[in-house]
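What follows is the residue order along each chain.
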Amino acid sequence: MRLFTVLAALSVLLLAATCQPGTSASSPLRKLEHTWLHAHEEDQGDVRVYRPNTYAFPPSRGRTGFAFEQNGLFTQFDIAPTDGLEGRKGTWKAENAQTLLISLDDKKDPDYRLEIVSLENDVLKVRRLEK
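Residues numbered from 1 in each chain as written. Predicted model: local features only at pLDDT ≥ 70, side-chain atom pairs only at ≥ 80, totals over all residues. Heavy atoms only, no water.

*Asks:* How do you make sense of the environment of Arg88 when you look at a structure like this?
*Replies:* Relative to the helices and strands, Arg88 is located in strand 5 (residues 85–94). Here the alpha-carbon distance between Arg88 and Asp106, two residues 18 residues apart in the chain, equals 7.5 Å. Ignoring any residue separated from it by four or fewer positions in sequence, one finds Arg88 in contact with Phe74, Thr75, Gln76, Asp78, Leu104, Asp106, Lys108 and Asp109. At 3.1 Å, the side chain of Arg88 and the side chain of Asp78 are in polar contact. A distance of 2.9 Å separates polar atoms of two side chains, one belonging to Arg88 and the other to Asp109. (Helix = DSSP H or I, 4+ residues; strand = E, 2+ residues; numbered from the N terminus. Contact = heavy atoms within 4.5 Å. Polar contact = N/O pair within 3.5 Å; in protein donor to acceptor, adjacent residues only side chain to side chain.)

*Asks:* How should the layout of surface pockets be read in this particular structure?
*Replies:* To find leftover empty space, one rolls a probe the size of a water molecule over the atoms. Taken as a whole, the largest pocket holds about 200 Å³ of empty space. Along its surface, the largest pocket is lined by 14 residues, and Arg48, Tyr50, Thr64, Phe66 and Arg128 are the ones closest to its centre. Looking at the lining of the largest pocket, the elements with two or more residues in it are strand 2 (48–52), strand 3 (65–68), strand 4 (73–79), strand 7 (112–120) and strand 8 (123–130). In this structure, the second largest pocket occupies an estimated 160 Å³ of space. Forming the walls of the second largest pocket are Pro28, Leu29, Lys31, Ala97, Gln98, Ile116, Val117, Ser118 and Leu119. For the lining of the second largest pocket, the class distribution of residues is six nonpolar, two polar and one charged. (1 Å grid on protein atoms, 1.4 Å probe; cavity = no way out; pocket = protein on both sides within 12 Å on 5 of 7 lines; lining within 4 Å. Points joined across faces, edges and corners; volume = space filled by probe spheres on them. Nonpolar A, V, L, I, M, F, W, Y, C, P; charged D, E, K, R; others polar.)

Structure follows, in structure tokens:
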């Protein structure tokens, strides 16, 4: 009986962990949950290409990017005055399967949308849309 109680408790915890607001466990948007850095060498017109921060990028004078978390938290990484990265906190929300609404907490810039052009094989291609 004790083993059953422990297994039941674990099942409840697993369900709670996978049923957070934002994306479901099976959602294709779960692939977004990384820190992505801009691979500007691969951009095509207005489509920006991002790769996980673990990718072996060629040398660059700095790379902007962002991080998506399952719970709707978002961090935008901009080039800091000291040439490092400066994180700006915010939130992200899926408007539909291809469009995300990004809102930064500091409100220095207006909210914007990211259209997901493609997300496969650790390559994220997006188009930025003004709100």
